[in-house]
Structure formats: structure tokens, C-alpha cells
Amino acid sequence: MALDETTEELARAAAGGDHRALGELLKRIEPEVLRHCGRILPFRQDAEEASQDTLLAVARNIARFEGRARFSTWLHIVTANCARTTYRSLKRRSAEQSSEDLPLHNKPDVARVSVIAGSRLDLLDAMEALEADKPDLAQALVLRDICQLDYNEVAEQLGIPLGTAKSRIHQARKYVQGALGDAYGF
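The structure presented is a predicted model; accordingly, all values stated were derived computationally and were not measured.

Novice: Mind showing me how you'd approach the packing of aromatic side chains here?
Specialist: One pass over the full model with this rule turns up three aromatic pairs. Relative to Phe-71, the ring of Phe-65 lies with its centre 5.5 Å away and its plane at 80 degrees, an arrangement referred to as edge-to-face. Summarising the aromatic geometry, the rings of Phe-65 and Trp-74 are spaced 5.7 Å apart at their centres and angled 50 degrees between planes, so their arrangement reads as tilted. Grouping aromatic residues by their ring pairs yields a cluster made of Phe-65, Phe-71 and Trp-74. Between Lys-166 and the ring centre of Tyr-151, over which it is positioned, the NZ or CZ distance is 5.7 Å.

In C-alpha cells:
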């Protein structure tokens, strides 16, 4: 998310308690947040839910934004975390309902689910397994591959040396490749 300097200034003002700036900030970032959630989640309504959760998280936690890094970096992290939380929540709700309880028109039609959507769901499942097994690796991978921060920014955000950040990202990618397995040619 490349945000302009006006947005960065609004974020600093909002973090300082300016409610007008917060309102303007939320309006400015909403389209970018939705686009970012849409890249992570395969279905638009899920992306919209994650987007709303992200905007709420920004409003609630803006005072925690210290301005050490750019607001856009902080927003990347909040957005990715909210999208992944939305996915886990949807997955949990789905598991709680047996397929017999669902009316026929709500059952997903396997022939209509896109390959891209299926790939994203597989990747989200692999990321969930990584996070449960090795959370330090998951955090580095999210910052690099989902938030698209460069290696130096990842190291800075995690407070670790650059070499350690690169190593964690490499290990995380290997883990995810193993989790995806044969279906993806690994």
C-alpha cells in the first residue's frame, strides 16, 4: 500500500488524538485496505468483512502507531492480520456447521470455485499451519510476501538482524512449500 504524505500526516495527527484526522484517514485508506484484503481472501464478501475489521482495528489502535515506521507499513501489518483472522473465523464457523445443516443453495459448487480461489485457500491453510507451528517464521513471511515489505523493513519491524530476517523468510517459504506439496508441483 503506497500511501501519500498527506495520509502519513493524517495518521500522525490521528495517533495524537485528532478525531477529525482519524475520520479523514479512514476514508482515504478504505479503498486500499479493501484491495489488499481482496488479494489475500478469495471471495469479495470475505474481503469486505476483513476490510471493515481492519478499519475498526485502525480506529481502535491508532494511538499505538508511534511513527517509527511509515503508517503504510503499520497498516500493511494490521490489514494482513485482520484478513488472516477473518479467514480463521470463517473456517471455524464452517467447521461448526455440518454440510447437512446447510441448504442446498448455500453449498459451494466445486465446478464454480475458481482455481485462484482454491489456491488462496490452500495457501491460507498452509500459513495457518506455519503460524501454529512456527509463529516467528509466519510473521516474517507475512511481512515479506503478503505485505510486500523489503527485507530491511522486515528486519526493522521485527527488531532482528537482516540475516535473521532473510533466514526466517527462507525457512517459512520452505515450510509452506512442504505444506502445499504435490498439488503445486513442489
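There's more to say after this.
Novice: Help me understand the pattern of salt bridges, please; the structure alone is not making it clear to me.
Specialist: When the charged atoms of two side chains lie near each other, side chains of opposite charge can form a pair. The final tally for this structure, using the stated rule, is eight salt bridges. For Asp-4, the salt bridge goes to Arg-28, with nearest N and O atoms at 2.8 Å. Within this pair, whereas Asp-4 is found in the segment before helix H1 (5–15), its partner Arg-28 is found in helix H2 (residues 19–40), the two being separated by 24 residues in sequence. Between Arg-88 and Glu-131 there is a salt bridge whose closest N-O contact spans 2.8 Å. Of this pair, Arg-88 sits in helix H4 (residues 71–96) while Glu-131 sits in helix H5 (residues 115–133), and the two are 43 residues apart along the sequence. Note on Arg-88: relative accessible area 26%, which makes it partly exposed. Judged by its relative accessible area of 27%, Glu-131 is partly exposed. Through salt bridges that share partners, Glu-5, Glu-8 and Arg-70 make up one connected network.

Novice: How should I be thinking about the environment of Val-33 in this particular structure?
Specialist: Considering the arrangement of structural elements, one finds Val-33 in helix H2. Exposure remark for Val-33: the relative accessible area of 0% places this residue in the buried category. Separated by 50 residues in sequence, Val-33 and Ala-83 have C-alpha atoms that sit 10.0 Å apart.

Novice: Looking at this model, I keep getting lost on the nonpolar core. Mind explaining?
Specialist: Taken as a class, soluble globular proteins show a tendency for nonpolar side chains to be buried jointly. Ranked by internal contacts, the top residues of the largest apolar core, which has 49 residues, are Leu-25, Ile-29, Val-58, Ile-62, Phe-71, Leu-130 and Val-154. Among the elements of the structure, H1, H2, helix H3 (44–61), H4, H5, helix H6 (135–146), helix H7 (151–158) and helix H8 (162–180) are those that each provide at least two residues to this core. With residues up to four places along the chain from it excluded, the contact list for Val-154 reads Ala-140, Leu-143, Arg-144, Leu-149, Ala-165 and Ile-169.

Novice: When you look at the environment of Ala-11 in this model, what are you seeing that I'm missing?
Specialist: Mapped onto the elements of the fold, Ala-11 is located in helix H1. Spatially, the C-alpha atoms of Ala-11 and Arg-70 are 9.3 Å apart, while their sequence positions differ by 59 residues. Excluding residues that lie within four positions of it along the chain, Ala-11 makes contacts with Leu-25, Ile-62, Phe-65 and Phe-71.

Novice: Which parts of the structure should I look at to understand the packing of H7 against H8?
Specialist: Each pair of packed helices can be summarised by the angle the axes make with each other and by the distance between the axes. For the pair H7 and H8, interaxial distance at closest approach is 8 Å and the crossing angle is 100 degrees. In this view, H7 runs roughly perpendicular relative to H8, as classed from their interaxial angle. Residues Tyr-151, Asn-152, Val-154 and Ala-155 of H7 form the contact with H8, whose participating residues are Leu-162, Ala-165, Lys-166, Ile-169 and Arg-173. Looking at the contact of H7 with H8 residue by residue, the classes come out as six nonpolar, one polar and two charged.

Novice: Explain the state of the cysteines here, please?
Specialist: Here a disulfide denotes one covalent bond, and it connects the sulfur atoms of two cysteines. For the structure on display, the rule yields zero disulfides. In this model Cys-37 remains outside any disulfide bridge; the closest cysteine sulfur is found in Cys-82, 7.3 Å from its own. Judged by relative accessible area, Cys-37 falls into the buried class, the value being 0%. A relative accessible area of 13% places Cys-82 in the buried class.

The rules behind these values
- Residues numbered from 1 in each chain as written.
- Predicted model: local features only at pLDDT ≥ 70, side-chain atom pairs only at ≥ 80, totals over all residues.
- Heavy atoms only, no water.
- Phe/Tyr/Trp six-rings, centres within 6.5 Å; stacked < 30°, edge-to-face > 60°.
- Lys NZ or Arg CZ within 6 Å of the ring centre and 35° of its normal.
- Salt bridge = Lys/Arg side-chain N within 4 Å of Asp/Glu carboxyl O.
- Helix = DSSP H or I, 4+ residues; strand = E, 2+ residues; numbered from the N terminus.
- Buried < 20%, exposed > 50% of the residue type's maximum accessible area, 1.4 Å probe, protein only.
- Core = buried A, V, L, I, M, F, W, Y, C linked by side-chain atoms within 4.5 Å.
- Contact = heavy atoms within 4.5 Å.
- Axes fitted to C-alpha atoms, helices over the stretch in contact; angles between N-to-C directions.
- Parallel < 35°, antiparallel > 145°, perpendicular 65-115°, else oblique.
- Nonpolar A, V, L, I, M, F, W, Y, C, P; charged D, E, K, R; others polar.
- Disulfide = S-S within 2.5 Å.

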